[in-house]
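Single-letter residue listing:
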Amino acid sequence: MDRIRIMNFCGTHEWTTTHYGIRSLLPRNVDMISGPGCPVCVTPANYVDICIRLALEGMRVYSYGDAFRLPNTTAVSNARSLEEAKALGGDVKVVYSFLDAIKDAREYGKDCVFLGIGFETTTPSYSEPLAHDMVPDNLYFLSALRLTPPAASFALEKVGGVDGIIAPGHVSVITGASAWAPIAEKFKTPAVVSGFEPLDLLISVAGVLNQISRGEHKVEIEYRRAVGWEGNSLARASIAKVFEEADAAWRGIGVIPASGLEPRKKYASHDAKLRFGIRDPTKKTWTEDLPEGCRCGEVTLGLIKPTDCPLFLVACTADKPYGPCMVSSEGTCAVWARYGGGGLADKVAAETEVKR
Amino acid sequence: MCWAVPARVIEINDLIAKVDFGGGTVREILAVTPEELSVGDYVLVHAGTAITKLSEQEFLESFSYYRDIAVQLEVDAGVSKRKAEREVDRSLKDLLGDRIRG
């Protein structure tokens, strides 16, 4: 085996890998590829459009800080993001949690909308209040919820030849490590569910390499202090009660079958898509929704590195992000821009003769 | 986005828990853990939601996985399996004392 390629599916894993220079500590023939692991990066542009429009029309829009600066494709009334909409007088509130939005919406009393981004980790923070009837009638939930395993499977197919998987720790707290078993089996790829400390990642990489050398492709759990085989049964039950799987669009990538969650009929009165007539694209109607020239779709799938994009650190910087992968602190481009990707880390490693 | 941080439960009222992140930061969060929570428990908090309880036992169990990997690395480096196990077990005992079995 000439090169060994290991893929992660979590922005925080990419952050740890790059921030601590993990790549520079690995043998030269081991590649760490960043796969789809940033829900902010893949939130469809039309959701941002709609929220900007609603905010400028005077409706209160709640969002997480990560989505606040998410760029649009074409400016809506001169605003290219929720941040700019707020600067133009739009009613945008950044909140710490859905619970905080619920409290605020109750006092506010008028119609308002929550831009509900997130992977499995975040989903219980929405499903529990909905399931327990804690959400006031005036608060509408715009589901941008996405599922990690279908996207991982999609990326592994596209990239091809991936030899090992570092599975996301906090997604797996909810889904359980068992969620990765069908993928390990389908691609004959070892998978290790990893924690987020630098040592966690190094141990997980060693675990993947051990399996490769033994010719195995099991799912192992390195992050045992938080992850079990079956996951969080309570959270999974409330997610299943409130949401159902649906085909979903991923920004810059397209529609991936059964990769999103939408509120079930019972919760239709809180569904922002029904309230505001928002229609999701199908495989046929989906169109590219990245700003011109931006290659975030390929970066997200692990097809290219940020440094392969001609805009990276030229027209797209951490201060002035052009594409979505530069916005969230855990987008691959933002992580590489801030912590130097392989380049800086390699230099440090060479200086300290770690590699020689 | 999927970042989660540990916090200590200081109050629990059905679905809502008050937790202390340390450094004077106290917040009201949703508790969505299958395990019953009590004051003093440590939980992992993501986006204002406790997604799992952290236990010392589970933390210690992690080390059996680390042990297997450490032994394998020694074996790959040419050390005999018995010697590798003995050395790894000794360092784990130095680190964890009697809190880990075997």
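A. The arrangement of the sheet that holds strand β3 (residues 60-63) of chain A in detail. Residue and element names in this part refer to chain A. If you trace the four strands from one edge of the open sheet to the other, you get β4-β3-β5-β6, paired in parallel fashion. For this open sheet the edge positions go to β4 (92-94) and β6 (139-145), each flanked by a neighbour on one side alone. Ignoring which end each strand starts from, the neighbouring axes of this sheet average 20° apart. The pairing of β3 with strand β5 (residues 112-118) spans three bridges and is parallel.

B. Representation of the environment of Leu 130 of chain A in the model. Residues and elements named next belong to chain A. Along the chain, Leu 130 turns up in helix α7 (residues 123-131). For Leu 130, a relative accessible area of 6% gives the class buried. For Leu 130, the contacting residues outside a window of four places in its chain are Val 135, Val 242, Phe 243, Tyr 267 and His 270.

C. Up close: the pairing of β3 of chain A. Residue and element names in this part refer to chain A. Burial along β3 is two-sided: Arg 60 and Tyr 62 facing one way and Val 61 and Ser 63 facing the other are all buried. Pairing of β3 with β4, which is carried by three bridges, proceeds in the parallel orientation. Following the sheet pairing, Ser 63 is matched in β4 by Val 94.

D. The side chain of Glu 120 of chain A, seen in detail. Residues and elements named next belong to chain A. Mapped onto the elements of the fold, Glu 120 is located in the loop between β5 and α7. Buried charge without a partner: Glu 120 forms no salt bridge, and the closest opposite charge is Arg 236, 9.7 Å away. Of note is the side chain of Glu 120, whose polar atom sits 2.6 Å from the side chain of Thr 148. Sequence-distant contacts of Glu 120, defined by excluding residues within four places in its chain, comprise Arg 146, Leu 147, Thr 148, Pro 149, Val 171, Ile 174 and Thr 175.

E. Fine view of the interface of chain B and chain A. Taken together, the contact between chain B and chain A spans 33 residues of the former and 45 residues of the latter. When the buried area of chain B at its contact with chain A is split by residue, Met 1, Cys 2 and Tyr 65 of chain B rank highest and sum to 24% of it. Summed over the shared surface of chain B and chain A, the result is two salt bridges. Connecting chain B to chain A are nine residue pairs in polar contact (both at pLDDT 80 or more). Elements with a minimum of two residues in the side of chain B that touches chain A: β2 (16-22), β3 (25-31), β4 (42-46), β5 (49-54) and α1 (56-76) of chain B. Classifying every residue of the side of chain B that touches chain A gives 20 nonpolar, eight polar and five charged.

F. Structural detail: the nonpolar core. In this structure, Phe 98, Phe 114, Leu 139 and Phe 243 of chain A are the most contacted members of the largest nonpolar core, which totals 112 residues. Broken down by element, the residue count for this core peaks at seven residues, all from helix α3 (residues 45-56) of chain A. One finds Val 30 and Val 208 of chain A together with Tyr 65 and Val 88 of chain B within the second-largest nonpolar core, a separate group that totals 23 residues.

G. Representation of α3 of chain A in the model. An ideal rise of 1.5 Å per residue puts 16 Å on 12 residues; α3 of chain A measures up with 17 Å between its terminal C-alpha atoms. Of the residues one or two after α3 of chain A, Gly 58 of chain A is the one with positive phi, at around 105°.

H. Quick peek at unusual backbone geometry. Residues and elements named next belong to chain A. Look at Asp 133: it is not a glycine, yet its phi comes out positive at around 60°. With respect to the helices and strands, the residue Asp 133 is situated in the loop between α7 and β6. For Asp 133, a relative accessible area of 66% translates into the label exposed. If you check the backbone angles, Leu 313 has positive phi at about 60° while not being a glycine. Within the secondary structure, Leu 313 is located in the loop between α14 (296-301) and α15 (332-339).

Here is what the cut-offs are and how they apply
Residues numbered from 1 in each chain as written. Chains lettered and ligands numbered in written order. Predicted model: local features only at pLDDT ≥ 70, side-chain atom pairs only at ≥ 80, totals over all residues. Heavy atoms only, no water. Pairing = 2+ DSSP bridges. Helix = DSSP H or I, 4+ residues; strand = E, 2+ residues; numbered from the N terminus. Axes fitted to C-alpha atoms, helices over the stretch in contact; angles between N-to-C directions. Buried < 20%, exposed > 50% of the residue type's maximum accessible area, 1.4 Å probe, protein only. Contact = heavy atoms within 4.5 Å. Lys, Arg positive; Asp, Glu negative; His and termini not counted. Salt bridge = Lys/Arg side-chain N within 4 Å of Asp/Glu carboxyl O. Polar contact = N/O pair within 3.5 Å; in protein donor to acceptor, adjacent residues only side chain to side chain. Buried area = accessible area lost by both parts, 1.4 Å probe. Nonpolar A, V, L, I, M, F, W, Y, C, P; charged D, E, K, R; others polar. Core = buried A, V, L, I, M, F, W, Y, C linked by side-chain atoms within 4.5 Å. Expected span 1.5 Å × (residues − 1).

Function cannot be read off these values alone, since they describe shape.
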